[in-house]
Amino acid sequence: RLLKCEVWLGELLQGCLERRWGRQRGGGLRLRDASCVSQPGSKGTDWRLHLSLNMGQMGVDGLSLSDQHGGESFAQVAVEPGDLCVGDAGYAYVRSLVTVLLAQALLLVRMNWQNLPLFDAAGRRFDLLACLRRLNAGDPPGEFALGIQHEGQHFPLRLLVLPLPQE
């Protein structure tokens, strides 16, 4: 029964998310990820398969294939206004995020501090490591209004940080 009710589960999940956060300008929740594909005998990645999973429909709504140089990026599959694009740390670099923001969509990524320089509203570089060093286990989540810079433009973002529990 569960295997035959993908559409219903997708609608249920979308409804729960909409009740919690509201509908975002007609967009949908889309999970993005990529998988490496190697041909027989290869010693590395030959191709990368990029996929977008529409959680509202519980189905794939975007797919592309690139060579080994096509890294994870929100640009690999179309982004629609109002989408909420979710990606892992492989998607958290400036050009990838700007693709989503220019499409008037929302994004949620786990960031890799080495690949994503952040700036405050005055254009000063945010010292993320200093911020993280001040956190203690049990502290409430920290929230910072920051942004990224690309081609002379400032794109606002919100950074959430939470210390890892001791265990």
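Parameters at a glance
- By convention here, each chain's residues receive numbers from 1 onward along its written sequence.
- Local features in a predicted model are, by the rule used here, given only for residues with pLDDT of at least 70; side-chain atom pairs are given and counted only at 80 or more, and totals for whole chains, interfaces and linings are based on all residues.
- As a convention, hydrogens and water are excluded, and side-chain values are obtained from all of the structure's heavy atoms.
- To define a nonpolar core, start from buried Ala, Val, Leu, Ile, Met, Phe, Trp, Tyr and Cys residues and group those joined through side-chain atoms within 4.5 Å.
- When accessible area is computed with a 1.4 Å probe and restricted to protein chains, residues below 20% of their type maximum are described as buried, those above 50% as exposed, and intermediate ones as partly exposed.
- Elements are defined by DSSP. Helices are runs of H or I of four residues or more, strands are runs of E of two residues or more, and each kind is numbered from the N terminus.
- The criterion used for residue contact is that any of the two residues' heavy atoms lie within 4.5 Å.
- Paired strands are those between which DSSP finds at least two bridges.
- Inter-axis angles, ranging from 0 to 180 degrees, are taken between N-to-C directions of lines fitted to C-alpha atoms, where helices are fitted over the stretch in contact.
- As used throughout, the charge tally considers Lys and Arg to be positive and Asp and Glu to be negative, leaving His and the chain termini uncounted.
- Any Lys or Arg side-chain nitrogen found within 4 Å of a carboxyl oxygen on Asp or Glu counts as a salt bridge.
- Polar contacts here mean pairs of N or O atoms no more than 3.5 Å apart (in protein, one a potential hydrogen donor and the other a potential acceptor; neighbouring residues in sequence count only if both atoms are side-chain atoms).
- What pLDDT expresses is the predictor's confidence in each residue, scored from 0 to 100.

Caption draft 1: Up close: the nonpolar core. Among the nonpolar cores identified, the biggest contains 23 residues, and Leu 116, Leu 118, Phe 126, Ile 148 and Leu 159 are the most heavily contacted of them. Listing elements by their share of this core, those giving two or more residues are α2 (94-102), α3 (128-133), β6 (142-150) and β7 (153-161). Not counting residues up to four positions away in its chain, the partners in contact with Ile 148 are Val 94, Leu 97, Val 98, Leu 101, Leu 116, Pro 117, Leu 118, Phe 119, Gln 153, His 154, Phe 155 and Leu 157.

Caption draft 2: The sheet that holds strand β3 (residues 59-67), seen in detail. Reading across the sheet, the 5 strands line up as β3-β2-β1-β4-β5 and stay open at both edges, with mixed pairing between neighbours. Strand pairing shows two members of the sheet lacking a second neighbour, β3 and β5 (106-109), which therefore form its edges. Across the sheet, the axes of successive neighbouring strands diverge by a mean angle of 20 degrees, strand direction being ignored. Relative to β5, strand β4 (residues 84-87) runs parallel, the two being bridged by 4 bridges. Paired with Leu 84 across the strands is Leu 106, a residue of β5. Its contacts with the sheet place α2 against β4 and β5, and it is angled at close to 150 degrees to β5.

Caption draft 3: Molecular detail of the side chain of Glu 72. Within the secondary structure, Glu 72 is located in the loop between β3 and β4. Salt bridges are absent for the buried Glu 72, whose nearest opposite-charge side chain, Arg 48, sits at 6.2 Å. Leaving out residues up to four positions away in the same chain, Glu 72 has contacts with Asp 33, Ala 34, Arg 48, His 50, Asp 88, Gly 90, Tyr 91 and Tyr 93.

Caption draft 4: Structural context of the environment of Asn 54. Along the polypeptide, Asn 54 turns up in strand β2 (residues 47-54). C-alpha of Asn 54 to C-alpha of Leu 29: the two residues are 25 residues apart in sequence and 6.0 Å apart in space. Not counting chain neighbours up to four residues away, the residues in contact with Asn 54 comprise Leu 29, Arg 30, Gly 59 and Asp 61. In terms of polar contacts, Asn 54 uses its side chain to reach the side chain of Asp 61, at 3.4 Å.

Caption draft 5: Focus on the confidence of the model for the protein. Looking at the protein as a whole, the pLDDT averages 83, with 86% of positions reaching at least 70. Per-element confidence in the protein ranges from a low mean pLDDT of 66 for helix α1 (residues 6-21) to a high of 95 for α2.

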